Amino acid sequence: MRCCYKVGQPILAAAGFLAGARRVRKSSRLGEPPEKAAAGKIARPTIVGSIVIALVFCFSPTHAHAQPAKSTQELDRPLDIPDAELWNQRGEKIHFYSDLVKGRVVVIQSIFTTCTTLCPLLGTTFSHVQDTLGGRARDVRLISISVDPATDTPERLKAWGARYHAGPNWTMVTGNKYEVDRVLRALKFYTADKLSHTALVLVGNDATGHWVRTSGFVPAARIVEMVKSLLEPVKSGACFSLPSLDEVSPCES
């Protein structure tokens, strides 16, 4: 099953139903038995209903946040990240840039704890990234920023992280909404409606200024490839190398 939902699929399915209904009505005019002609009449309102449901699902705001990123992009300039004063999942006061990002290789996502569709997938992906990195996980900071800080207390974030066996280098962040929004805007994660929050993930090396924006639905192994490429300049001074953007497909079987 493909990981990403394609907006056009419900419309295409509805169009297929409609084409079938037309064939039913056409055959009934060519002398089919009355019961089959009646089936065509019954089908018509059903088809209309299917189209309406498909369109409602497609454009419903409650599903908007399940839309994944469409591509992977290497940013052409370093990010200007504010040093906002926030709180981690242990209730400790932190400064976002200086305590979590400065000089580090980081992987950043946005979540909220009451999300039941997209966020569990993002949490699972981070958990797999953490496990796949193994010993190198200590060289990387995973960061999950709440887009619903009014609800997501440090305690709620700690419980959310426990579901995915978050280790010591995985930090969940909340705080004053204004300060959280400053960070989200700088990362291009901001949305006024939490249900429309982005499925993007940022992978970056603050020391070298290299940043990549990708879908939160790429396999964890691909994110790990990007992370390892970004770690090399930190460890050995090697030339920066990134997997081909064409190879990092946002949706795979």
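These numbers were taken from a predicted model, which means no experiment stands behind them.

1. Side note on the confidence of the model for the protein
Line of reasoning, step 1. Averaged over all residues, the pLDDT of the protein is 74; the fraction at 70 or higher stands at 63%.
Line of reasoning, step 2. Confidence over residues 1-30 falls short of pLDDT 50; this stretch has 32 contacts with residues more than four positions distant or in other chains.

2. Considering the pattern of salt bridges
Line of reasoning, step 1. Following the criterion strictly, the structure yields 5 salt bridges and no others.
Line of reasoning, step 2. The residue lysine 194 makes a salt bridge to aspartate 148 at a minimum N-O spacing of 3.2 Å. Within this pair, whereas lysine 194 is found in the loop between helix H6 (177-186) and strand S7 (200-205), its partner aspartate 148 is found in the loop between strand S5 (140-146) and helix H5 (154-163), the two being separated by 46 residues in sequence.
Line of reasoning, step 3. Glutamate 179 is paired through a salt bridge with arginine 182; the nearest N and O atoms lie 2.8 Å apart. Residue glutamate 179 and its partner arginine 182 are located together in helix H6, separated by 3 residues, close to a single helical turn.
Line of reasoning, step 4. Of the residues examined, glutamate 179 reaches a relative accessible area of 18% and is grouped as buried.
Line of reasoning, step 5. With relative accessibility at 33%, the residue arginine 182 sits in the partly exposed group.

3. Examining helix H4 (residues 118-133)
Line of reasoning, step 1. Taking 1.5 Å per residue as the helical rise, H4 with its 16 residues ought to reach 22 Å, and the 23 Å between its terminal C-alpha atoms agrees with that figure.
Line of reasoning, step 2. The complete set of buried residues in H4 reads Leu118, Cys119, Leu122, Gly123, Thr125, Phe126, Ser127, Val129, Gln130 and Leu133.
Line of reasoning, step 3. After H4 finishes, the residue glycine 134 shows a positive phi value of roughly 60 degrees.

4. Considering unusual backbone geometry
What is expected of a backbone is that most residues other than glycine have negative phi and most peptide bonds are trans.
Line of reasoning, step 1. Of note in the backbone geometry, histidine 165 takes a positive phi value of approximately 55 degrees without being a glycine.
Line of reasoning, step 2. Note on placement: histidine 165 falls in the loop between H5 and strand S6 (170-174).
Line of reasoning, step 3. Positive phi values are uncommon outside glycine, yet lysine 188 reaches one of about 65 degrees.
Line of reasoning, step 4. Within the element layout of this structure, lysine 188 appears in the loop between H6 and S7.
Line of reasoning, step 5. For lysine 188, a relative accessible area of 57% corresponds to the exposed category.

5. A closer look at the environment of aspartate 83
Line of reasoning, step 1. Relative to the helices and strands, aspartate 83 resides in the loop between strand S1 (73-74) and strand S2 (85-88).
Line of reasoning, step 2. Taking the C-alpha atoms as reference points, aspartate 83 and serine 98, separated by 15 residues in sequence, lie 6.3 Å from one another.
Line of reasoning, step 3. Among residues more than four places away in sequence, those in contact with aspartate 83 are His95, Phe96, Tyr97 and Ser98.
Line of reasoning, step 4. Here tyrosine 97 takes part through its backbone nitrogen, which lies 3.0 Å from a polar atom of the side chain of aspartate 83.
Line of reasoning, step 5. For aspartate 83, the side chain forms a polar contact with the main-chain nitrogen of serine 98, separated by 2.7 Å.

Reading guide: rules and limits
Residues numbered from 1 in each chain as written. Predicted model: local features only at pLDDT ≥ 70, side-chain atom pairs only at ≥ 80, totals over all residues. Heavy atoms only, no water. pLDDT = per-residue confidence, 0-100. Contact = heavy atoms within 4.5 Å. Salt bridge = Lys/Arg side-chain N within 4 Å of Asp/Glu carboxyl O. Helix = DSSP H or I, 4+ residues; strand = E, 2+ residues; numbered from the N terminus. Buried < 20%, exposed > 50% of the residue type's maximum accessible area, 1.4 Å probe, protein only. Expected span 1.5 Å × (residues − 1). Polar contact = N/O pair within 3.5 Å; in protein donor to acceptor, adjacent residues only side chain to side chain.

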